[in-house]
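The primary structure of each chain is shown beneath.
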Amino acid sequence: MIAWYYIILFSSLIMGLATILEKRALYHEYASAYSSDFAIVAAVISLVLLPLAKFNINVFEIGLVYILSLLSTAGYLLTARTYKHGNISVTSATYSSMPIFFTVILAFIFLGEKLTIIQYASILVMIVTTYILLFVNAKGSKSNFDTKNYAYIVIIVSVINGVSAIVLKYLLYSVNPFTALILLQVFSAINFTIYMQVRYGGIRELIKNFKNNKVVLVRQGILTVSYRATYYFAASLVAISLVVPLRNTIYVIITVMSGGIVFKESNIKRKIILSMVLIAAAYFLVA
């Protein structure tokens, strides 16, 4: 079997690509309508995983998946809004570093996961380096991230992602990862449809938005199901307090580089240096 960290590397690469393309798509779309159509498309695409799924699942486990879908729905809506209006290298760094802290602490408390001193030190380096990448600007430069407007959203999404990781790992002790993913996508699609019906134009608006963006939505759906499937599979193999830090760190590196190259964001040399530190920390995490 392929080592779990290679699976996470693949997952992170696909997730980074999906984020870059999503950022470009959100230039011209409303976050809520886009997210809702995307969730429905991803649910349909996830059905290709049915041959790998095993539906020996009880009512309690289905309830956990639905709770996870509610967390995912809320987190995705908030994240899409910040990607639409924010700096991709900064917002991705935020949403990757803070959940690492929450995940490791919660995994220790609720799942009993214990790492080595070197692994904890590596995670600490990841968090500190990403914090510098996020909040400590180069001399004379101005951050593209409005901390006053987005501070609460960042904290809320980070807590949601940390709790989601713990719920997912607990679920994967007894549920097939592909089963969990399919149910999560279906429940998320239902959640988004209800949200659109209550807050906006409902089914009519979803259909109109899909007709205008079907190629983009299908592409994003394929990428998202791919990186989530590999992430869920890796999370079923090893401690979640290892999987999340490595996945998020690789993802930060990808989006930081793309921020400078694709979206022409500033201080790219400094970001590359800090990304090298993250790579070194990731090496010691899995060595």
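Please refer to the structure placed before this passage.
To keep things clear, this report deals only with the structure shown in the data block. (Residues numbered from 1 in each chain as written. Predicted model: local features only at pLDDT ≥ 70, side-chain atom pairs only at ≥ 80, totals over all residues. Heavy atoms only, no water.)

1. Describing the overall build of the chain
What counts is decided by this rule: Only runs of H or I of at least four residues qualify as helices and only runs of E of at least two qualify as strands under DSSP, and these elements are numbered from the N terminus. Any residue under 20% of the maximum accessible area for its type is buried, any over 50% is exposed, and the rest in between are partly exposed; the area is computed with a 1.4 Å probe on protein chains only. Note on contacts: a residue pair qualifies if any of its non-hydrogen atoms lie within 4.5 Å across the two residues.
Broken down by element type, the chain carries 10 helices and 0 strands. Tracing the chain from N to C terminus, the helices and strands come up as α-α-α-α-α-α-α-α-α-α. The buried share of the chain, taken over its 287 residues, is 56%. Residue pairs in contact within the chain that sit at least 24 positions apart in sequence constitute 87% of those at least 6 positions apart.

2. Side note on the packing of helix α1 (residues 4–25) against helix α8 (residues 202–235)
Put simply, the rule is: For every element, the axis is a line fit to its C-alpha atoms; helices are fit only across the contacting stretch, and the angle between N-to-C directions ranges from 0 to 180 degrees. To sort the angles, those under 35 degrees are grouped as roughly parallel, those over 145 as roughly antiparallel, those from 65 to 115 as roughly perpendicular, and the leftovers as oblique. Here a crossing is called left-handed whenever its near helix is offset anticlockwise from the far helix by less than a right angle, and right-handed whenever the offset is clockwise. For this classification, the nonpolar set comprises Ala, Val, Leu, Ile, Met, Phe, Trp, Tyr, Cys and Pro, the charged set comprises Asp, Glu, Lys and Arg, and every other residue, Gly included, is treated as polar.
At a minimum axis distance of 8 Å, the contact between α1 and α8 shows a crossing angle of 155°. Comparing the axis directions of α1 and α8 gives the class roughly antiparallel. As α1 packs across α8, the resulting crossing turns out to be left-handed. Residues Trp4, Ile7, Ile8, Phe10, Ser11, Ile14, Met15, Leu17, Ala18, Leu21, Glu22 and Ala25 of α1 form the contact with α8, whose participating residues are Val216, Arg219, Gln220, Leu223, Ser226, Tyr227, Thr230, Tyr231, Phe233 and Ala234. For the contact of α1 with α8, the residue count by class is 16 nonpolar, 4 polar and 2 charged.

3. What about helix α10 (residues 268–286)?
Here is the rule: Multiplying one less than the number of residues by 1.5 Å gives the expected span of a helix. The directions from the helix axis to the C-beta atoms are what the arc is built from.
Compared with the 27 Å implied by 1.5 Å per residue over 19 residues, the 27 Å span of α10 between its first and last C-alpha is a close match. Along α10, the residues classified as buried are Lys271, Leu274, Ser275, Leu278, Ala281, Ala282 and Leu285. Looking straight down α10, one finds its buried side chains confined to an arc of 115°; they lie on one side. In α10, those exposed residues whose orientation departs by more than 90 degrees from the buried face are Lys269, Ile273 and Tyr283.

4. Topic: the environment of Val154
Mapped onto the secondary structure, Val154 falls in helix α6 (residues 147–172). On the basis of relative accessibility, which here comes to 5%, the residue Val154 falls in the buried class. In the structure, Val154 is positioned 75 residues away from Thr79 in sequence and 8.5 Å away in space, judged by C-alpha atoms.

5. A closer look at a nonpolar patch on the surface
Here is the rule: Like-charged residues are merged into a patch within 9 Å and nonpolar side chains (Val, Leu, Ile, Met, Phe, Trp, Tyr) within 5 Å, provided each residue has over 30% relative accessible area and no salt bridge. In this description, accessible areas are obtained by the Shrake-Rupley approach with a 1.4 Å probe, and a residue is regarded as covered only by the protein chains that are shown. Between Lys or Arg on one side and Asp or Glu on the other, a salt bridge is scored when a side-chain nitrogen of the former is within 4 Å of a carboxyl oxygen of the latter.
Together, Leu47, Leu50, Phe55, Val186, Ile190, Ile194 and Val198 give the surface a local cluster of nonpolar side chains, amounting to about 610 Å² of exposed area. Structurally, the position occupied by Leu47 is in the loop between α2 (31–46) and α3 (59–85). For Leu47, a relative accessible area of 40% translates into the label partly exposed.

6. Observations regarding the nonpolar core
As a rule of thumb, soluble globular proteins bury nonpolar side chains together. How we decide: Take the buried Ala, Val, Leu, Ile, Met, Phe, Trp, Tyr and Cys residues and link them wherever side-chain atoms come within 4.5 Å; each set so joined is a nonpolar core.
Counting 68 residues, the largest nonpolar core has Tyr231, Tyr232 and Ile240 as the members making the most contacts within it. Broken down by element, the residue count for this core peaks at 11 residues, all from helix α9 (residues 240–261). In contact with Tyr231, not counting residues within four places along its chain, are Ile8, Ser11, Ala165, Leu168, Ile240, Val243, Val244 and Arg247. Counting 7 residues, the second largest nonpolar core, distinct from the first, contains Ile14, Met15, Leu21 and Leu223.

7. Some thoughts on the environment of Ala43
You can see Ala43 is positioned in helix α2. Separated by 182 residues in the primary sequence, Ala43 and Val225 place their C-alpha atoms 8.4 Å from one another. Beyond its immediate sequence surroundings of up to four residues, Ala43 is in contact with Gln185, Val186 and Ala189.

8. A look at the packing of aromatic side chains
Aromatic ring pairs are defined here through the distance separating the ring centres and the angle between the ring planes. Cut-off, in case you're wondering: Centre distance within 6.5 Å is the pairing criterion for rings of Phe, Tyr and Trp, where only the six-membered ring of Trp is used; planes under 30 degrees apart are then read as stacked, over 60 as edge-to-face, and the remainder as tilted. Comment: the charge-over-ring label is applied if NZ (Lys) or CZ (Arg) is within 6 Å of the ring centre and within 35 degrees of the ring normal.
In this structure the tally under the stated criterion is 7 aromatic pairs. Arranged with centres 6.1 Å apart and planes meeting at 20°, the rings of Phe178 and Phe233 form a pair that is stacked. You can see Phe178 sitting in helix α7 (residues 177–199) and its partner Phe233 sitting in helix α8, a full 55 residues away along the chain. Assessed through its relative accessible area of 14%, Phe178 is described here as buried. For Phe233, a relative accessible area of 25% translates into the label partly exposed. Ring centres 5.9 Å apart and planes at 70° place the aromatic pair Tyr231 and Tyr232 in the edge-to-face group. We classify Tyr231 as buried; its relative accessible area is 8%. Ring pairing ties together the aromatic residues Trp4, Tyr5 and Tyr6, which thus form one cluster. Above the ring of Tyr231, the side-chain terminus of Arg247 is found at 3.8 Å from the ring centroid.

By themselves, these figures tell us nothing about what the structure is for.
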